[in-house]
Amino acid sequence: MLLFNSAVSTYRTKTNIVTTVAHEYAHQWFGDLVTPEWWEYIWLNEGFATLYEFYAAHLAYPEMEYWELFNTQVIQAAMVPDALATTRPMNWNAATPGEIAALFDRVAYPKSGSVLNMMRHVLGEENWRSGLKVYLQDRALATAVDEQLYTSLQSVIEGKNVLPGDVTVAQIMRTWANEAGYPVLNVRRSYDTGDVIISQERFYSDRKVPNANVWMIPYNFVQQARADFNEFDDFQWLATKAARISTTVPANEWIIFNKQQVGYYRVNYDERNWELITNALLENWAAVHRLNRAQLIDDAYWLARSGRLDMRVALNLMTYLRGEREYAPWTAASVVLSYFNSRLRGTAAYHDFVQFVDVLIENIYGMLTIDVVSPNDTLLHKYLVQTISTWACTIGYKDCAEKTAALLKAEVASAGQTPVHPDIASVTYCYGMRSANDAEYQYFYRKMMDSKNLAERTMLIDSLGCTTNKEYLMAFLTTALGSGTGVEINYSADERRRVVQAVYSGSRAGVDALIDFLMDPTLVNDFVSILSTSTLNSALSAIASRTNNEEEMNRLNALLNALGTRVSSQTATNVRNAAQTNVDWANGFEGLMLSNFLAEYVAGIETDTTTAPATTTTASSMSSTTAGPGPVTTTSAAPPTTVTTTTVRTTTEEDGGAATIGLSIAALLVSITIHLLG
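Cut-off values and rules
Residues numbered from 1 in each chain as written. Predicted model: local features only at pLDDT ≥ 70, side-chain atom pairs only at ≥ 80, totals over all residues. Heavy atoms only, no water. pLDDT = per-residue confidence, 0-100. Contact = heavy atoms within 4.5 Å. Buried < 20%, exposed > 50% of the residue type's maximum accessible area, 1.4 Å probe, protein only. Helix = DSSP H or I, 4+ residues; strand = E, 2+ residues; numbered from the N terminus. Pairing = 2+ DSSP bridges. Expected span 1.5 Å × (residues − 1). Patch = residues over 30% accessible without salt bridge, like charges linked within 9 Å, V, L, I, M, F, W, Y side chains within 5 Å. Areas by Shrake-Rupley, 256 points an atom, 1.4 Å probe, with all protein chains shown as cover. Salt bridge = Lys/Arg side-chain N within 4 Å of Asp/Glu carboxyl O.

**Quick word on the confidence of the model for the chain**
Of the residues in the chain, 89% reach a pLDDT of 70 or more, and the chain-wide mean stands at 90. Here residues 607–662 is a poorly scored stretch, pLDDT under 50, and it has 176 contacts once near neighbours within four places are set aside; other chains count.

Right, here's the structure in full:
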């Protein structure tokens, strides 16, 4: 029986529990009932399990909207590593234990799950279920290869005109399973004739090079006047490098490909179409489906990063976020803003960036209540609150700082009798810790030490690292070594390393405290002895990645000189090179494009202060399927600072006072069984 302690477990923990259970239940069919013939086809296990960890959870609990997480947590997450030149195809042989272990990666899990979801939509739900039933029955208690899956799916669509007459499931899937990476679909419109030229090439995130890759790409599109994003019976196919298609879309209307980002590919448009989309979103953001809004943000960002799109186009698109109120778009946007935040902090352009973020979040922040959790708040609304409140505190909203500090102090003053609600604890503790005094900091350190709940301990460790008080940070780092505290330290080995990570992730003050800590010969000797040279090297890499100006570069060099032979010459060189790349970025093409845009944007707006209004209003916890502008609905995102809340490890929580989690395991099992076997 899985346990869920409502007193300390967060909505993220509950989501992890539900999706992990669904993932493992899916393995009863994909892995247990039917087993891949060899590790080369491990995606037949993990791809299906990844798809059904969200889809089965949705079937069992549709009101929770778990499926809304799939695009941002699976599709977009898979596309980042899969855009590297070093990625592998889904089908990939392995001969040694090390090679086999390496197959359990983002290709086997989120990429394969994304490709399977694409095929689910292409074939249609009924055909998909029927095909899987044939596959599972034919290969029951036996092994399988990918071609046997394709044959089963093909058998149920014969004569139904699901695919073009000369196209089979196997032909389609081979291009996706045997090719590394994924394509970008280029869309170039002829505004005089209405014709559209579409072409494909392999997408690399760090380069644009000619390539001969050809995928069989299922595509569909909508136009501004007939924006039906919910129909999936209109797929067409691009099976060559390029093709010309005829449309009747007027020149003054936008066109958007890949409805709801079902297809596992990016889409790039000519600049005029990007401008039409941006203007439409500024006028009425709800005119475009929420999942496509998230796709547009994510695609534009990565297309700009790879040199395929003017960075100003991507940034102009993001200005519509002033009105955005939903989970998926803000999730995608937070990834973009997090990158810019990490690059610009400590540079001359950072002030403009803060003002830019202020403009984007001002309206949505004013609609949220960040210090109270309502029983009626939806899952996606909770993601929204955490995302927006994290950004508000990050850029210095006085209201955010005051409310988090007040909640933290209230818990301490009541000796834990009025604890912060778990669903807002990570933001509250982290940013409230920045104004904590000795007694308050010690209270949360003791709370962490006394907790037997792994997720809560991790969150509290991260929060303790958020303080900007150097004395507290140095003392906290000392506890990772197990010395100088006068009490037994009950950290696990992972938690000791987590303390170090929490300190350098919390703020630049934490990075500086870690540098000072490692400059002490005695402390660094203990650090290496207890935490290992590998942990030291990881800490140095983290410091380098957070080095953005000459002063910070000088501090890093002083540390490396002080460490001497404790680090290899190659490690020192790599660390210096990584840091110098960061410092040089601000004066490189991407840095200059970003800073120039921000300067022009800020100059064009009226901004008095980055302090938010002193009062806020409560937002309605409406479904994310709301069609038009209205009360705040949903959103999710990874926080811009590394205030981690949960990991996969939190699917089991050890706490003697735990209460049974409010979900039916049977509901998940029944949902999967009915879906697969009927």
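Once the structure has been displayed, the description carries forward.
**Overview of the pairing of strand S4 (residues 183–189)**
With six of its seven residues buried, S4 lies for the most part within the structure. Alignment of S4 against strand S5 (residues 196–202), held across seven bridges, turns out to be antiparallel. Each residue of the ladder has a partner; that of Val187, found in S5, is Ile198. The turn linking S4 back onto S5 is made up of six residues, and Gly194 within it adopts a positive phi angle of 90 degrees. Pairing of S4 with strand S11 (residues 266–269) involves four bridges; the strand directions are parallel.

**What about the environment of Met553?**
Relative to the elements of secondary structure, Met553 occurs in helix H24 (residues 550–563). Separated by 26 residues in the primary sequence, Met553 and Ala579 place their C-alpha atoms 6.9 Å from one another. Leave out the neighbours within four places in its chain, and Met553 touches Thr547, Arg576, Ala579, Gln580 and Val583.

**Thoughts on helix H20 (residues 493–506)**
Look at H20: 20 Å from first C-alpha to last across 14 residues, which is about the 20 Å you get at 1.5 Å a residue. For H20, the buried fraction is high: ten of the 14 residues fall into the buried class. Considering only its buried residues, H20 is in contact with helix H18 (454–464), helix H19 (470–481), helix H21 (508–519), helix H22 (521–531) and helix H23 (533–545).

**A short note on a nonpolar patch on the surface**
Among the surface-exposed residues, Trp38, Trp39 and Phe104 lie close enough to one another that they form a single nonpolar patch of about 280 Å² accessible area. When you line up the elements, Phe104 lands in the loop between helix H4 (97–102) and helix H5 (107–123).

**Let's talk about the pattern of salt bridges**
Applying the stated criterion across every chain, the model contains 28 salt bridges. For Arg120, the salt bridge identified is with Glu125, shortest N-O distance 2.8 Å. Judged by relative accessible area, Arg120 falls into the buried class, the value being 6%. Between Lys398 and Glu402 there is a salt bridge whose closest N-O contact spans 3.8 Å. Here the residue Lys398 and the residue Glu402 both occupy positions in helix H15 (residues 398–413), the gap between them amounting to four residues, near one helical turn. When its relative accessible area of 48% is taken as the criterion, Lys398 is described as partly exposed. Judged by its relative accessible area of 45%, Glu402 falls in the partly exposed class.

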